[in-house]
Amino acid sequence: MVNYKELGLVNTKEMFAKAIKGGYAIPAFNFNNMEQLQAIIKAAVETKSPVILQVSKGARNYANQTLLRYMAEGAVEYAKELGCNHPEIVLHLDHGDSFELCKSCVDMGFSSVMIDGSHLPYEENVALTKKVVEYAHQYGVTVEGELGVLAGVEDEVCAEHHTYTNPEEVIDFATRTGCDSLAISIGTSHGAYKFKPEQCHVDPATGRLVPPPLAFEVLDAVMEKLPGFPIVLHGSSSVPQEEVETINKYGGKLEAAIGIPEEELRKAAKSAVCKINIDSDSRLAMTAAIREVFATKPAEFDPRKYLGPARDNMEKLYKHKIINVLGSDNKLAQLD
Ligand code: G3H
Ligand code: 13P
Ligand code: ZN
């Protein structure tokens, strides 16, 4: 059993309280490999931002759970080596789907876990989340729960079908489970295809598709029920069209890939939304850079020659998110 404090990590408690008060959100970036991790840490250090490193069950299967845990420990030292004497780094389990998985992460040194019981009947979600909270809190590990189901591209996104979070449930859920933050569903979804083209309208200025707005009325109702409670937004990639165009220019085939407009995320970040999850945008940035090298320098076969540009492109993306979308730059408690 390793406690996260021994690894130099922090939990989300103070970080979220400060973010809500300050009107900004903490970036939660997924990582599966060294290049992503390096880019995240460099971006966080250079912008003096707190950061959440997210590991999904799929990432644990892909990269090996032990290796990822040591990589996160290494990330703290790397941040210090880059000149950040007091980094604020959370190691978080993304979409934990069982008590056993959450427990395993707590025992390995994660400082935060998500238990995603959103697909379960309400009472089962409450019971499972409560069980994880009771275990995690013994070790100071913070817990994210989820209420409401994020829509898939095929789903009908409407409150009548109970895909959005029901604000009438949030007080009961937060009180009975004791969770530290709550992921809600207001129209975001995972992946690079968040909306069907027929749900969108064309922006006459750019010719690009603009998706329907997020359900801010649901967020407002949740905030009214739970004033000051930390809210999390999943599925918050914006699917930058420059990256999509680069991918397609160099042989890719991403058709009608549409994300959440940055203005909507900026607005959310100013509210009680204090954690914004971004994974797909990093995948797009990595793929675009690699495809470009493969297409323009076909004689290259040293992986550093394409993973290096991929890492640079991801770092640029992470900095942009931190500075221009989430506003978490210069928010470390100790900036020296
Ligand atoms: O929410 C999902 C995250 O983007 C992680 O995706 O399960 O493919 O690692 P993954
Ligand atoms: P995106 O697919 O929009 O990047 O969302 C990631 C996410 O929510 C991870 O939990
Ligand atoms: Zn998610």
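Quick caveat: nothing in here was measured; it's all calculated off a predicted structure.

Thresholds, definitions, all that
- Position numbers for residues start from 1 in each chain and track the written sequence from start to end.
- Note on labels: chains are lettered from A, ligands numbered from 1, in written order.
- Note on the predicted model: pLDDT of at least 70 is required for a residue's local features to be given, and 80 or more for side-chain atom pairs to be given and counted; whole-chain, interface and lining totals, by contrast, use all residues.
- All residues are tested the same way: a C-beta atom is placed from the backbone, and lying within 6 Å of a molecule or strand makes the residue near it.
- Counting from the N terminus, the helices are DSSP H or I runs at least four residues long and the strands are E runs at least two residues long.
- Polarity classes work like this: nonpolar for Ala, Val, Leu, Ile, Met, Phe, Trp, Tyr, Cys and Pro, charged for Asp, Glu, Lys and Arg, and polar for all others, with Gly in that last group.
- With C-beta atoms placed from the backbone, a residue is labelled by how many other C-beta atoms lie within 10 Å of its own: buried for 20 or more, exposed for 12 or fewer, partly exposed between the two.
- Directions drawn from the helix axis to the C-beta atoms are what define this arc.
- Residue pairs are scored as contacts if the distance between their C-beta atoms, which are placed from the backbone, is within 7 Å.
- Strand pairing is assigned whenever DSSP detects at least two bridges linking the two strands.
- Assignment of crossover handedness uses the view with strands pointing away from the viewer, where a clockwise path from the first strand over the helix to the second indicates a right-handed crossover.
- Per residue, pLDDT captures the predictor's confidence, and it can take any value from 0 to 100.
- A fitted line through C-alpha atoms serves as each axis, taken over the contacting stretch for helices, and the angle formed by two N-to-C directions is quoted from 0 to 180°.

Engineer: Where do I start with the site of ligand 1 in this structure?
Structural biologist: By nearness alone, every residue bordering ligand 1 is listed as N30, S56, G58, A59, D94, H95, H190 and D279. Secondary structure elements with two or more residues in the shell around ligand 1: α3 (57–63) and β3 (89–96). Residues of the shell around ligand 1, tallied by class, amount to one nonpolar, five polar and two charged.

Engineer: Which parts of the structure should I look at to understand helix α1 (residues 13–22)?
Structural biologist: For an α-helix, the turn length of 3.6 residues means that residues three or four places apart are oriented alike. Three or more residues of α1 are buried, namely M15, F16, A19 and I20. Along the axis of α1, the buried positions cluster into a sector of 125°, meaning they face one direction only. Facing away from the buried side of α1, by more than 90 degrees, are the exposed residues E14 and K21. Check the buried side of α1 and you find it contacts β1 (26–30), β3, β6 (181–184) and β10 (273–278).

Engineer: How should I be thinking about the pairing of β1 in this particular structure?
Structural biologist: Regular strands show a simple pattern: their side chains alternate between the two faces of the sheet. A large share of β1 lies buried, amounting to five of its five residues. With four bridges connecting them, β1 and β10 associate as parallel partners. Note on β10: the bridge partner recorded for P27 is I276. The parallel pair β1 and strand β2 (residues 51–56), bridged by helix α2 (residues 34–47), forms a crossover whose chirality is right-handed.

Engineer: Looking at this structure, I do not really get the confidence of the model for the protein chain. What am I missing?
Structural biologist: Should the pLDDT be low somewhere, the predicted coordinates at that spot are not to be read in detail. A residue-level look at the protein chain finds 97% of positions with pLDDT of 70 or above and a mean pLDDT of 95. Under a pLDDT of 50 for its full length, residues 154–162 has, in the predicted model, seven contacts with residues more than four places off or in other chains.

Engineer: What's the story with the site of ligand 2 in this structure? I'm lost.
Structural biologist: In the vicinity of ligand 2 there are 14 residues, among which H234, S237, N277, D279 and S280 approach most closely. When residues of the shell around ligand 2 are traced back to their parent elements, those giving at least two are β3, β10 and α11 (280–296).

Engineer: When you look at the packing of helix α6 (residues 122–137) against helix α7 (residues 170–177) in this model, what are you seeing that I'm missing?
Structural biologist: Each pair of packed helices can be described by the angle between their axes along with the distance between the axes. Packing of α6 against α7 leaves a shortest axis separation of 8 Å and a crossing angle of 35°. Residues V126, T129, K130 and V133 of α6 form the contact with α7, whose participating residues are F173, R176 and T177. Of the residues that constitute the contact of α6 with α7, the class distribution is three nonpolar, two polar and two charged.

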